[in-house]
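Coordinates in review
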Amino acid sequence: MTAPIPRDMPDLPAIPGMPALLPSHVPASAVRAPAHRPLVAVYRLLVALTAAAAITVELALGSPLRTLSHFAIQSNILLALVLTAAARRAWTARRPLPTALTGAALLYALTTGLVYHLLLANAASPFALPGVLTSEAAAPTGWHAITTHVLHTAIPVAALLDWLLLTAPGHLHLRQAASWLLYPLTYLAFTFIRGELLLPGTPARYLYPFLDVDQHGYKSVLGNALLLGLAMYALAILLVALDHARPHALRYRTHHRAKTGFRLQPPVG
């Protein structure tokens with residue numbers, strides 16, 4: 001007969017060997033702290049101040065309510081605010097603004113420039129209106145000419161250069177593209193409501209000829225808005241694709257980071 005197994009048998013010792021390594025999640029702040037970038041901050045602040053100055057001149061020259069109703073004015077106000085906040089973060093070495101916000105501001109600024117040069121300032125376009133801020137078919141003159149070119153050309157180009165040369169790539173996401181269209185849809189509804197509140201025959205009842213319900217009717221205007229919306233969505237997708245394809249123009253080039261590409265910071269405390 002076999003002896004019974006004792007119930008108080010001690011546990012067997014652990015087999016020596018290599019212990020399993022647990023995954024270690026290193027936060028981004030421990031890999032590379034945000035850097036102080038004074039030149040970037042100065043550039044962004046200058047662009048924001050230029051946009052603010054042009055908007056101020058337009059408000060002084062025309063009706064403030066009508067001026068503020070333009071998509072170009074609203075998009076430039078948003079861009080000026082975003083660039084001011086981004087300049088402060090670059091100066092104080094803080095984390096960048098959320099890309100959902102900066103990408104939207106960039107998209108609206110580019111849309112402002114493209115719509116103006118392709119539809120409004122193009123003599124071959126059926127919706128030509130080069131003096132869009134003054135609601136005149138003739139090309140703007142004087143201060144209006146300066147502010148028109150600043151808001152529709154200089155600021156969109158400056159925003160594009162900031163994104164291409166001074167912003168880290170690979171942070172825009174395709175899921176953000178649809179949310180960026182919420183503001184244009186809101187602006188379309190605002191345009192219709194504003195047109196209904198103003199009396200028929202009021203000058204600049206509809207600020208953009210492709211949204212003029214009096215001339216084209218709601219069916220044609222909604223068709224134009226749909227085409228513009230699809231074009232904006234395509235532009236947003238293009239920006240996301242380019243953001244993941246373009247090189248990083250601000251890589252650190254110091255010799256001690258050339259091999260690894262990052263440097264761990266010492267622990268705090």
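As the structure is a computational prediction, the values presented were derived from the model and not from experiment.

1. Describing the packing of aromatic side chains
Per the stated rule, a full pass over the model turns up ten aromatic pairs. Ring plane angle 70° and centroid distance 6.5 Å describe the contact between Tyr187 and Tyr208, whose orientation is recorded as edge-to-face. Taken together, the positions of Tyr187 in helix 8 (residues 182-197) and Tyr208 in the loop between helix 8 and helix 9 (213-245) put the pair 21 residues apart, joining distant regions of the chain. Both residues of the pair, Tyr187 and Tyr208, belong to the buried class. Taking the centre distance of 5.3 Å and the plane angle of 65° together, the rings of Phe192 and Tyr218 count as edge-to-face. Highlighted residues: Phe192 in helix 8 and Tyr218 in helix 9, separated in sequence by 26 residues. Classification of Phe192 as buried rests on a relative accessible area of 14%. Sitting above the plane of the Trp163 ring, Arg246 keeps its charged end 4.6 Å from the centroid.

2. Thoughts on the packing of helix 2 (residues 38-61) against helix 6 (residues 142-166)
Between helix 2 and helix 6, whose axes approach to 10 Å, the crossing angle comes to 160°. By the angle class used here, helix 2 and helix 6 are roughly antiparallel. As for the relative orientation of helix 2 and helix 6, their crossing is left-handed in sense. Contact residues: Val40, Tyr43, Arg44, Val47, Thr50, Ala51, Ala54, Ile55, Val57, Glu58 and Leu61 in helix 2; Trp143, His144, Thr147, Val150, Leu151, Ile155, Ala158, Leu161, Asp162 and Leu166 in helix 6. Residue composition of the contact of helix 2 with helix 6, grouped by class: 15 nonpolar, three polar and three charged.

3. Quick look at the layout of surface pockets
In this structure, the second largest pocket occupies an estimated 640 Å³ of space. In terms of lining residues, the second largest pocket is bounded by 29 residues, among which Thr111, Val115, Leu228, Gly229 and Met232 are the most central. Mapped by element, the contributors of at least two residues to the lining of the second largest pocket are helix 4 (71-91), helix 5 (99-120), helix 8 and helix 9. At nine residues, helix 9 tops the list of elements feeding residues into the lining of the second largest pocket. Along the lines of polarity and charge, the residues of the lining of the second largest pocket split into 25 nonpolar, four polar and no charged.

4. Looking at unusual backbone geometry
The backbone of Ala93 sits at a positive phi, close to 55°, despite the residue not being glycine. Along the chain, the position of Ala93 falls in the loop between helix 4 and helix 5. Ala93 gets classed as partly exposed once you look at its relative accessible area, which sits at 26%.

5. Observations regarding the pattern of salt bridges
A full pass over the atoms with the stated rule returns three salt bridges. One salt bridge in this structure joins Asp162 and Arg44, with 2.7 Å as the shortest N-O distance. Here the residue Asp162 occupies a position in helix 6, and Arg44 occupies one in helix 2, the gap between them amounting to 118 residues. Between Arg246 and Asp243 there is a salt bridge whose closest N-O contact spans 3.0 Å. Note on Arg246: relative accessible area 12%, which makes it buried.

6. Regarding helix 2
Each turn of an α-helix holds 3.6 residues, which means side chains three or four residues apart point in the same direction. Helix length check: helix 2, at 24 residues, gives a terminal C-alpha distance of 35 Å against a target of 34 Å (1.5 Å per residue), a fit within 8%. Taken together, the buried positions of helix 2 are Val40, Ala41, Arg44, Val47, Ala48, Ala51, Ala54, Ile55 and Glu58. Lining the buried residues of helix 2 we find helix 3 (64-68), helix 4 and helix 6.

7. Examining the side chain of Asp162
Look at Asp162 and you get buried, because its relative accessible area is 9%. A polar contact of 2.7 Å, which involves the side chain of Asp162, links it to the side chain of Arg44. Excluding residues that lie within four positions of it along the chain, Asp162 makes contacts with Tyr43, Arg44, Leu83 and Thr167.

The rules behind each value
The residue numbering used here restarts from 1 in each chain and proceeds along that chain's sequence as written. Per-residue local features of the predicted model are confined to residues with pLDDT of at least 70, and side-chain atom pairs are confined, for both listing and counting, to 80 or more; whole-chain, interface and lining totals are unaffected and use all residues. Working from all heavy atoms in the structure, the side-chain values ignore hydrogens and water. A pair of aromatic rings is counted whenever rings of Phe, Tyr or Trp (Trp by its six-membered ring) have centres within 6.5 Å, and the orientation is called stacked for planes under 30 degrees apart, edge-to-face for over 60 and tilted otherwise. In this description a helix means any DSSP run of H or I spanning at least four residues, a strand means any run of E spanning at least two, and both kinds are numbered starting from the N terminus. Only protein chains enter the calculation, and the probe is 1.4 Å; a residue is then buried if its accessible area is under 20% of its type maximum, exposed if over 50%, and partly exposed in between. Should the NZ of a Lys or the CZ of an Arg lie within 6 Å of a ring centre and within 35 degrees of the ring normal, that charge is described as sitting over the ring. Axes, fitted as lines to C-alpha atoms, cover a helix only where it is in contact. Angles between the N-to-C directions of the axes lie from 0 to 180 degrees. An angle below 35 degrees is read as roughly parallel, one above 145 as roughly antiparallel, one from 65 to 115 as roughly perpendicular, and any other as oblique. Here is the rule for handedness: rotate from the far helix to the near one, and if that takes an anticlockwise turn smaller than a right angle the crossing is left-handed, while a clockwise turn gives right-handed. Contacts are residue-level and defined by heavy atoms, with any inter-residue pair within 4.5 Å sufficient. For this classification, the nonpolar set comprises Ala, Val, Leu, Ile, Met, Phe, Trp, Tyr, Cys and Pro, the charged set comprises Asp, Glu, Lys and Arg, and every other residue, Gly included, is treated as polar. Both site types are read off a 1 Å grid over the protein atoms alone. A 1.4 Å probe that fits but cannot get out defines a cavity, while an open set with protein on both sides within 12 Å along at least five of seven lines defines a pocket; lining residues have an atom within 4 Å of a point. Grid points are joined across faces, edges and corners, and a volume is the space filled by probe spheres set on the points. We count a salt bridge whenever a side-chain nitrogen from Lys or Arg sits within 4 Å of a carboxyl oxygen from Asp or Glu. The span one expects for a helix is its residue count, reduced by one, times 1.5 Å. Polar contact is defined as a pair of N or O atoms within 3.5 Å, subject to the rule that within protein one atom must be able to donate a hydrogen and the other to accept it, and that residues adjacent in sequence are counted only when both atoms are side-chain atoms.

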